[in-house]
Amino acid sequence: MVEHVVIGAGSIGSNVARLLVERGHNVRIITRSGSGPEHPLIDRVAADASDPSALTELSRGAGAIYHCANPPSYTEWERLLPPLQTAAIAAAKANDAVLALTGSMYAYGPQPGGLMTERTPMTAAGHKGRLRKRMWEQALAAGIRTVEVRGSDYVGKGANGIYSLLIEPALAKGKAAWITGHLDMPHTFTVNTDMARALVTLASEERAWGRAWHVPSPPAITIRELAGRYATAAGRSPIKLIQLPRFAMRAAGLVVPIAREMAEMDYQWYAPFRVDATETADAFGLMPTDLDTAVRDEVS
């Protein structure tokens, strides 16, 4: 019998599934391709998770549904995310399951001093932040048991983030890395396994339902410092970092859609960006993974 359903088999969905099966639970992972970790307790299903009827049927018997799917490109968010959210809510309602949502800091928008606590209002002006806000409000209004867990940019083994996209290719070639952000601004990075652990923990805690929580994350660090730690963990010489002028991405955005979408979120990288998760840590005893441990795992 399926006890848990995970939508998406990326870094977060796969880690959620692994954590659940380590605890002896039966898990069904739903993706378009039928991908996901191989394990006797994991049932990998190829299906369209944005189809409410299909997702509802595939979630029969599940006590919790973990929505961990995220389109690979910003340009697809407005088209793909709302149907996924609507289907996940419908499946949770039909099966009386808890819906655990993988969230982000986007709904807050730029904040004075760059600090976001679990009580910070959602005041995003950009369309991706407003979309995230609407999706969470939709879940709250649906009359289901739900919780949203919010993290920052991911690091850790298998994470899709600054290492895999920018630093790793440069390290491998011994060349400079072009960075779209200020090199010396403190920025919170969330370990992907910590996000998975928070999702699984809070989905099972009734006192967590009905609100958003932050993932306890290591102290904020600059991109320059983080790149140095990756180089050390990889046993390589530090690479040169070149800060791309902020206007360059904005100018490119006039004609290139993905550049325009990235420029909308660049406030995260040109000012301090700190995530406070004190309430989550105090309420549930969750602690962040040591950053150097996550870095070593990612480069191994």
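This text follows the structure it describes.
Residues numbered from 1 in each chain as written. Predicted model: local features only at pLDDT ≥ 70, side-chain atom pairs only at ≥ 80, totals over all residues. Heavy atoms only, no water.

### Comments concerning the packing of aromatic side chains
Evaluated as defined, the whole model comprises 6 aromatic pairs. With centroids separated by 4.4 Å and ring planes inclined at 20 degrees, the aromatic side chains of Tyr-163 and Tyr-230 adopt a geometry described as stacked. Here Tyr-230 lies in helix 7 (residues 223–234) and Tyr-163 lies in helix 5 (residues 162–173), a separation of 67 residues in the sequence. For the pair Tyr-163 and Tyr-230, one class covers both residues: buried. Feature note: the residues Tyr-74, Trp-77 and Tyr-106 constitute an aromatic cluster, connected by ring pairs. (Phe/Tyr/Trp six-rings, centres within 6.5 Å; stacked < 30°, edge-to-face > 60°. Helix = DSSP H or I, 4+ residues; strand = E, 2+ residues; numbered from the N terminus. Buried < 20%, exposed > 50% of the residue type's maximum accessible area, 1.4 Å probe, protein only.)

### What about helix 5?
Over its 12 residues, helix 5 extends 16 Å from the first C-alpha to the last, a length consistent with the 16 Å expected when each residue adds 1.5 Å. Along helix 5, the positions that sit buried rather than exposed are Ile-162, Tyr-163, Ile-167, Ala-170 and Leu-171. Summarising the axial view, the buried residues of helix 5 lie within an arc of 115 degrees, below the 170-degree limit, and thus occupy one face. Exposed positions of helix 5 whose direction lies more than 90 degrees from the buried face are Leu-165, Ala-172 and Lys-173. Each element contacted by the buried residues of helix 5 is listed here: strand 9 (177–179), strand 10 (189–191), helix 7 and helix 11 (291–299). Immediately downstream of helix 5, the backbone of Gly-174 shows phi near 65 degrees, a positive value. (Expected span 1.5 Å × (residues − 1). Arc of directions from axis to C-beta. Contact = heavy atoms within 4.5 Å.)

### Here's the deal with unusual backbone geometry
The backbone of Asp-96 sits at a positive phi, close to 50 degrees, despite the residue not being glycine. Following the sequence through the fold, Asp-96 ends up in the loop between helix 3 (77–95) and strand 5 (98–103).

### What to know about the packing of helix 5 against helix 7
Two elements in contact, helix 5 and helix 7, have axes separated by 11 Å at closest approach and are oriented at 60 degrees. The angle between helix 5 and helix 7 places the two elements in the oblique class. Judged by the sense of rotation from one axis to the other, the crossing of helix 5 with helix 7 is right-handed. When helix 5 is examined against helix 7, the residues Ile-162, Tyr-163, Ile-167 and Leu-171 are found in contact with a partner set consisting of Ile-223, Leu-226, Ala-227, Tyr-230, Ala-231 and Ala-234. Of the residues belonging to the contact of helix 5 with helix 7, the class tally is 10 nonpolar, no polar and no charged. (Axes fitted to C-alpha atoms, helices over the stretch in contact; angles between N-to-C directions. Parallel < 35°, antiparallel > 145°, perpendicular 65-115°, else oblique. Left-handed = near helix turned anticlockwise from the far one by under 90°. Nonpolar A, V, L, I, M, F, W, Y, C, P; charged D, E, K, R; others polar.)

### Structural notes on the nonpolar core
Ranked by size, the top nonpolar core spans 31 residues in total, and within it Val-6, Val-16, Val-27, Tyr-66 and Leu-199 carry the most contacts. At 7 residues, helix 6 (residues 192–203) tops the list of elements feeding residues into this core. If we skip the residues at most four places from it in the chain, Val-27 touches His-4, Val-6, Ala-17, Leu-20, Val-21, Leu-41, Ile-42 and Asp-43. Core analysis: the next-biggest nonpolar cluster, separate from the first, contains 26 residues, Val-45, Ala-88, Leu-101 and Ala-142 among them. (Core = buried A, V, L, I, M, F, W, Y, C linked by side-chain atoms within 4.5 Å.)

### Quick word on the sheet that holds strand 5
Spatial strand order, 3-2-1-4-5-7-11: 7 strands in an open sheet with parallel pairing. The open sheet has two free edges, formed respectively by strand 3 (42–46) and strand 11 (212–214), since each of these has just one partner strand. Here the strands of the sheet are splayed against their neighbours by 20 degrees on average, with no regard to which way each runs. When strand 5 meets strand 7 (residues 146–150), the two strands line up parallel, connected through 5 bridges. (Pairing = 2+ DSSP bridges.)

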